[in-house]
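Single-letter residue listing:
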Amino acid sequence: MLHGMLITDDKETAELIGCLGRSSEQLVLDRVFCPPPGSYQLAMALNTLSLDVAFLAVSDPSQEFSFYQQIKEKIPAVAVVGFSAKPYQSPADPTAFLLKPPFSVPSFLATVRAAVHASHPLPHPNVVAILPAKAGGGATNIAVNLASQLVRSFSRKVVVADCDLRSGTIADRLGLHSQQAIWQTLSMADASETLIWPQHVCRKDDIDFLVTNRDRKMSRPQWHSYHHLLAFLSRRYDHVILDLPELVNDATAEALRSASMVYVMTTPEVLSLALAQERLADLESAQIEPSKIRILVNRMHPDDPSPQRISEFLRCPVAAVFPNDYRSANAATIAQSFVASNTRLGKSYLAFAEMLAGKKPQPETRRCPSFLGAFFPRALALTATRNR
């Protein structure tokens, strides 16, 4: 849910904006000032409320500008939306976003969304999204093993979000169970700072996971659910990895916009490459910046088309290639663990993690044996037995 505040000197305007908010089922007005507040009242409200947007509908332009300045000085991230009963914006209106006739819920939500985006510059530099060309291509394997390498080799703090709410398999793959599924976390994302976080994540090998339980009765998340959750996660973790479903909707489009890089994962097969073209078209329709889109090629054989040919076919750069190593991937799935680092597949995950981390992996620290332990192991073992 989005949270707003309204300042107005007109009761009809207050009722109209309140009605639009209630009808949208996406915004609640936590505070309505009618008549407008004094400076102290406004300061108290800004100190106590967690706001996404403030609506200014004041007839006096100088007073409206004063409110605008006070809000932005106190909380720069709060979006400010003006209101006009006329179909044009007054030159004196300080807000860049204006509600104006004809009033409707879609136009109301579009204006609020644009204002919120303008107040929160995207993308988040530490958020990456993996979008499969088709289901079953191995995108989840890449996501979880990328996280494992970032933690194991680079000592990073990482969270993986299973955003495929209906078909996600991270919990099954790694033997995880969370008190709160990710769709429940998304429904409470506007209060992320107050959540008891261990109830919402599963932890394995120092990686946090937000997992789905594939509940058929789950509520569908809205775009602002991802907006709130990713803003919170980007502050809490070094890396946020989103494992997305193949189809893009209004909510997941917000996740894609929030990501600094979007990786479309495909296999070298003709049908998968054809579907990768469709995913790229979906990203274009969602207005995702082309410069942040890259291709991942999974299950690569030596006799498959080269990464260069795949890049030319899809008209998009290939960022990483992962070999077809069924034995290693299957062994990890059976063990409900991660692919071993010393395998061909594990080394390719490490190379991808190195690219994201921007530095070489840390050398493994091994405990050196003592002089006596190296040359007299039997004597030490005998001594230990006698001392028991």
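Anything mentioned here points back to the structure above.
Residues numbered from 1 in each chain as written. Predicted model: local features only at pLDDT ≥ 70, side-chain atom pairs only at ≥ 80, totals over all residues. Heavy atoms only, no water.

Comments concerning the nonpolar core
Among the nonpolar cores identified, the biggest contains 47 residues, and Trp197, Leu210, Leu233, Leu242 and Leu283 are the most heavily contacted of them. The biggest single contributor to this core is helix H8 (residues 223-236), with five residues. Residues in contact with Leu210, not counting those within four places in the same chain, are Val159, Val160, Ala161, Asp162, Ile182, Thr185, Trp197, His200, Val201, Leu229 and Leu233. Among the nonpolar cores identified, the runner-up in size contains 36 residues, and Val158, Ile207, Phe209 and Phe352 belong to it. (Core = buried A, V, L, I, M, F, W, Y, C linked by side-chain atoms within 4.5 Å. Buried < 20%, exposed > 50% of the residue type's maximum accessible area, 1.4 Å probe, protein only. Helix = DSSP H or I, 4+ residues; strand = E, 2+ residues; numbered from the N terminus. Contact = heavy atoms within 4.5 Å.)

Quick look at the sheet that holds strand E7 (residues 158-162)
In spatial order, the strands read E8-E9-E7-E10-E6-E11-E12-E13; together these eight strands make up an open sheet with mixed pairing. The open sheet terminates on both sides in strands that have one partner only, identified here as strand E8 (202-204) and strand E13 (318-323). Ignoring which end each strand starts from, the neighbouring axes of this sheet average 25° apart. The pairing of strand E6 (residues 124-132) with strand E11 (residues 259-266) spans six bridges and is classified as parallel. Each residue of the ladder has a partner; that of Pro132, found in E11, is Met265. Each of E6, E11 and strand E12 (293-300) is contacted by helix H10 (residues 270-285), which is oriented at about 155° to E11, the strand it contacts most. (Pairing = 2+ DSSP bridges. Axes fitted to C-alpha atoms, helices over the stretch in contact; angles between N-to-C directions.)

Examining the packing of aromatic side chains
For the structure on display, the rule yields six aromatic pairs. Taken together, Tyr263, Phe322, Tyr349 and Phe352 form an aromatic cluster joined through their ring pairs. The cationic tip of Lys157 hangs over the ring face of Tyr237; the distance from NZ or CZ to the ring centre is 5.5 Å. (Phe/Tyr/Trp six-rings, centres within 6.5 Å; stacked < 30°, edge-to-face > 60°. Lys NZ or Arg CZ within 6 Å of the ring centre and 35° of its normal.)

A short note on the pairing of E12
Of all eight residues that make up E12, six are buried, and the element is covered over most of its length. Judged from the five bridges that link them, E11 and E12 form a sheet pairing that is parallel. Each residue of the ladder has a partner; that of Thr266, found in E12, is Val297. Here E12 runs beside E13; their pairing, made up of four bridges, is parallel. Following the sheet pairing, Met300 is matched in E13 by Pro323. Read from E12 through helix H11 (residues 307-314) to E13, the crossover connection turns out right-handed. (Right-handed = clockwise from strand over helix to strand, strands pointing away.)

Here we look at the environment of Ala332
Locating Ala332 in the fold gives a position in helix H12 (residues 326-334). With a relative accessible area of 7%, Ala332 lands in the buried category. Taking the C-alpha atoms as reference, Ala332 lies 9.9 Å from Asn145; in sequence the two are 187 residues apart. With residues near it in sequence (within four places) discarded, Ala332 still touches Ser337, Phe338 and Val339.

Details of the sheet that holds strand E3 (residues 53-57)
Hydrogen bonds between backbone atoms are what pair the strands of a sheet, whose relative direction is either parallel or antiparallel. The strand order across the open sheet formed by five strands is E2-E1-E3-E4-E5, and the pairing between neighbours is parallel. Of all strands in the sheet, those with a lone pairing partner are strand E2 (27-33) and strand E5 (97-99), marking the two edges. With direction set aside, neighbouring strand axes in the sheet form an average angle of 30°. Contacts from helix H1 (residues 11-24) reach strand E1 (2-8), E2, E3 and strand E4 (79-83) within the one sheet, and its direction differs from that of E2 by about 160°. Running over the sheet, helix H4 (residues 105-119) touches E1, E2, E3, E4 and E5 and is turned about 160° from E5.

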